[in-house]
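# Coordinate analysis (summary)
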Amino acid sequence: MPEPLFRAGPSFDELIVAIGVHQDRSAFAAVFAHFAPRVKAYLMRTGSDSVTADELTQEVMLLVWRKAVHYSPAQANAATWIFTIARNKRIDRYRRERHQDFNPDDPAFAPEPEVLPDHRLQATQQAQAINNAIGRLPLEQAALLRLAFYESKSHSVIAAEVGLPLGTVKSRLRLALARLRGYLGGEV
Amino acid sequence: MSRGTPFSLPRGALVPACHPGEELLLDYASGASSGPEAMMIATHLAFCAVCRATVKVAVQAGGALLDAIKPAHLQPGMLDRTLAAIDTTRSAVLPADAPVPPVALDDYLALPDWKKLPGGFRMRRVSGDDRTGDGRVWLFDAPPGMKLLPHRHGSDEWIVILRGIFVDHGTPYRPGDFACMADGEVHRPTIGGDERCVSLVMVRESPRFTTLLGKLSAPFVRL
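Bear in mind that the values here come from a model prediction, so they are computed numbers and not experimental data.

### Side note on the sheet that holds strand 8 (residues 165-168) of chain B
Residue and element names in this part refer to chain B. Here three strands make up an open sheet; going across it, the order is 9-8-12 and the pairing antiparallel. What marks the edges here is a single partner per strand, and that holds for strand 9 (171-173) and strand 12 (190-192). With strand direction ignored, the average angle separating the axes of adjacent strands in the sheet is 35 degrees. Bridge count for strand 8 against strand 12 is three bridges, and the pairing is antiparallel. For Phe166, the partnering residue across the bridge sits in strand 12 and is Ile191.

### So, the domain arrangement of chain B
Residues and elements named next belong to chain B. By domain assignment, chain B separates into domain 1 (7-97) and domain 2 (103-220). Of the residues lining the interface, 17 residues belong to domain 1; the matching set on domain 2 comes to 26 residues. Summed over both sides, the interface of domain 1 with domain 2 buries roughly 1,800 Å², with 77% coming from carbon and sulfur. Scanning the region where domain 1 abuts domain 2 turns up zero salt bridges. Our count for the contact surface shared by domain 1 and domain 2 stands at four residue pairs in polar contact (both at pLDDT 80 or more). Those elements giving two or more residues to the side of domain 1 that touches domain 2 turn out to be strand 1 (7-8) and helix 2 (35-47). The leading source of residues in the side of domain 1 that touches domain 2 is helix 2, at eight residues.

### Things to note about the pairing of strand 13 (residues 197-203) of chain B
Across the seven residues that make up strand 13 of chain B, a large majority, seven, are buried. Along strand 13 of chain B, one buried face is formed by B:Cys197, B:Ser199, B:Val201 and B:Val203 and the opposite face, lined by B:Val198, B:Leu200 and B:Met202, is buried too.

### Some details on the state of the cysteines
Residues and elements named next belong to chain B. A complete count under the given rule lists zero disulfides over all chains for this structure. The structure places no disulfide on Cys51, whose sulfur is separated from the nearest cysteine sulfur, that of Cys48, by 3.8 Å. No disulfide involves Cys197; its nearest neighbouring cysteine sulfur is the one of Cys18, lying 13 Å away.

### As for the packing of helix 3 (residues 50-67) of chain A against helix 4 (residues 78-94) of chain A
All names here are of chain A. Put simply, helix 3 and helix 4 touch, their axes get as near as 10 Å, and they point 130 degrees apart. Taken together, the axes of helix 3 and helix 4 are oblique relative to one another. Helix 4 is crossed by helix 3, and the crossing has right-handed handedness. Of the residues in helix 4, those touching helix 3 at Thr52, Glu55, Leu56, Glu59, Val60, Leu63, Val64 and Lys67 are Trp81, Ile82, Ile85, Ala86, Lys89, Arg93 and Tyr94. For the contact of helix 3 with helix 4, a count of residues per class yields nine nonpolar, one polar and five charged.

### Things to note about the confidence of the model for chain B
Residue and element names in this part refer to chain B. Per-chain confidence: chain B averages 80 in pLDDT, with 74% of residues scoring 70 or above. Mean pLDDT values over the elements of chain B span from 58, in strand 1, up to 94, in helix 1 (residues 22-30). When the criterion is pLDDT under 50, residues 97-102 qualifies, and its contacts beyond four places in sequence or with other chains add up to 16 contacts. Interface scoring of the predicted complex returns ipTM 0.83; its pTM is 0.83.

### Some details on the pattern of salt bridges
For the structure on display, the rule yields 12 salt bridges over all chains. The partner of A:Arg25 in a salt bridge is B:Asp87, and the shortest N-O contact between them spans 2.3 Å. Of this pair, A:Arg25 sits in helix 2 (residues 25-45) while B:Asp87 is found in helix 4 (residues 78-88), placing the two residues in two different chains. On the basis of relative accessible area, A:Arg25 is assigned to the partly exposed category, the value being 34%. Linking A:Glu151 and A:Lys153 is a salt bridge whose minimum nitrogen-to-oxygen distance equals 2.9 Å. Its relative accessible area of 22% is what places A:Lys153 among the partly exposed residues. Because the salt bridges share partners, they merge into one network encompassing A:Arg45, A:Glu151, A:Lys153 and A:Glu161.

### Describing the nonpolar core
A:Val31, A:Ile82, A:Leu145, A:Phe149 and B:Leu139 are the most contacted members of the largest nonpolar core, which has 95 residues in total. It is helix 2 of chain A that contributes the most residues to this core, 10 residues altogether. When residues of this core are assigned to domains, at least three map to each of domain 1 (7-97) and domain 2 (103-220) of chain B. Excluding its chain neighbours within four sequence positions, the residues that come into contact with A:Phe149 are A:Tyr42, A:Thr46, A:Phe83, B:Leu26, B:Ala29, B:Ser30, B:Ala58, B:Ala61, B:Gly62 and B:Leu65. In terms of nonpolar packing, the next biggest core, distinct from the first, is built from 19 residues, B:Phe140, B:Leu148, B:Ile159 and B:Ile191 among them.

### Describing helix 3 of chain A
Residues and elements named next belong to chain A. With 18 residues, helix 3 should cover 26 Å at 1.5 Å per step; its first-to-last C-alpha distance of 25 Å lies within 8% of that length. Of all 18 residues that make up helix 3, 14 are buried, and the element is covered over most of its length. N-capping of helix 3 is provided by Asp49, with a side-chain oxygen placed 3.1 Å from the backbone N of Val51.

Cut-offs and rules
Residues numbered from 1 in each chain as written. Chains lettered and ligands numbered in written order. Predicted model: local features only at pLDDT ≥ 70, side-chain atom pairs only at ≥ 80, totals over all residues. Heavy atoms only, no water. Pairing = 2+ DSSP bridges. Helix = DSSP H or I, 4+ residues; strand = E, 2+ residues; numbered from the N terminus. Axes fitted to C-alpha atoms, helices over the stretch in contact; angles between N-to-C directions. Domains from an automatic or database assignment. Contact = heavy atoms within 4.5 Å. Buried area = accessible area lost by both parts, 1.4 Å probe. Salt bridge = Lys/Arg side-chain N within 4 Å of Asp/Glu carboxyl O. Polar contact = N/O pair within 3.5 Å; in protein donor to acceptor, adjacent residues only side chain to side chain. Buried < 20%, exposed > 50% of the residue type's maximum accessible area, 1.4 Å probe, protein only. Disulfide = S-S within 2.5 Å. Parallel < 35°, antiparallel > 145°, perpendicular 65-115°, else oblique. Left-handed = near helix turned anticlockwise from the far one by under 90°. Nonpolar A, V, L, I, M, F, W, Y, C, P; charged D, E, K, R; others polar. pLDDT = per-residue confidence, 0-100. Core = buried A, V, L, I, M, F, W, Y, C linked by side-chain atoms within 4.5 Å. Expected span 1.5 Å × (residues − 1).

And the structure:
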């Protein structure tokens with residue numbers, strides 16, 4: 001079913017807040033309808049079979065419900081937040097050692113030296129800006145970025161699989177990240 | 001609380017001068033790093049707001065790509081089953097993520113079971129599994145002025161300095177600095193400054209010493 005270009009009503013960020021604050025089941029159903037099929041697609045591309053992907057998707061969506069009370073739209077938009085939950089679920093499932101995740105706002109960390117560019121934008125604007133930025137990347141950089149995230153392969157594995165020199169893969173990924181940061185920091 | 005680094009940090013630390021390559025930050029953001037690699041990156045990130053910002057952008061890209069992925073077909077009835085699971089889950093709300101409070105470095109240094117080597121050097125395994133080949137993480141604690149034996153790595157070696165100054169090929173590395181020694185490179189690091197140098201080191205295989213003395217001591221410093 002095609003989705004409308006502009007969705008009226010609350011954003012997914014607001015829906016997740018509603019799940020956290022009111023245990024809102026219709027908000028959960030809306031988030032589920034959009035994200036569960038995408039989470040399953042992500043899990044299948046990173047190596048799960050369809051049955052396992054269904055099972056893990058249900059676990060991810062259950063975590064969305066259970067963690068929603070801690071969700072802060074100022075820290076991450078809905079897609080970014082759900083991506084990290086799905087990524088960590090995949091790592092927990094396939095690796096003995098869990099991902100060393102970190103909270104960027106941890107007060108124990110060394111302080112930010114300056115106002116960093118991506119702090120100037122609100123999360124929802126950032127989501128739009130990052131979409132635009134990915135769309136503006138040169139094709140060969142965007143392709144490597146998709147491989148990195150959709151198949152969760154390290155840059156060295158990607159280099160071996162696509163048959164490019166390691167240095168080429170590194171420099172394309174570095175350029176891609178530098179451009180994304182540049183677009184986010186620029187006048188959006 | 002940080003889950004990223006096993007050690008809490010001194011306040012007011014300087015911004016590190018040496019950073020992991022952005023491709024390593026991307027591996028971390030996409031979840032492609034091994035556990036030991038992720039521990040090294042997370043430890044640098046705890047010191048480095050600049051690399052944290054880069055990881056944040058990379059994770060946002062991951063979110064945008066998840067949003068743009070071609071959706072898969074779910075098994076019928078999954079939403080109802082998930083809602084039913086919500087009803088049967090005893091504790092519906094999870095506590096915020098705080099599973100591994102970092103150990104203060106001094107507490108870690110005070111632990112009894114360090115492997116001691118001549119010259120006041122000692123080391124302790126922090127993480128890693130021999131069976132996976134993903135790398136092992138050690139904490140090194142070396143006295144000032146110490147010259148480590150020349151050695152060659154059969155694979156890359158990563159270091160994050162936690163305290164003191166470590167000098168390699170004439171470059172001083174200070175707390176928070178991340179260094180990656182390339183596969184096959186021979187190096188003979190020294191400890192600069194006048195305090196002990198504590199560093200987190202990830203190796204994938206034991207180094208090969210290039211001098212007779214080193215070769216004789218190899219059995220004692222197998223990493």
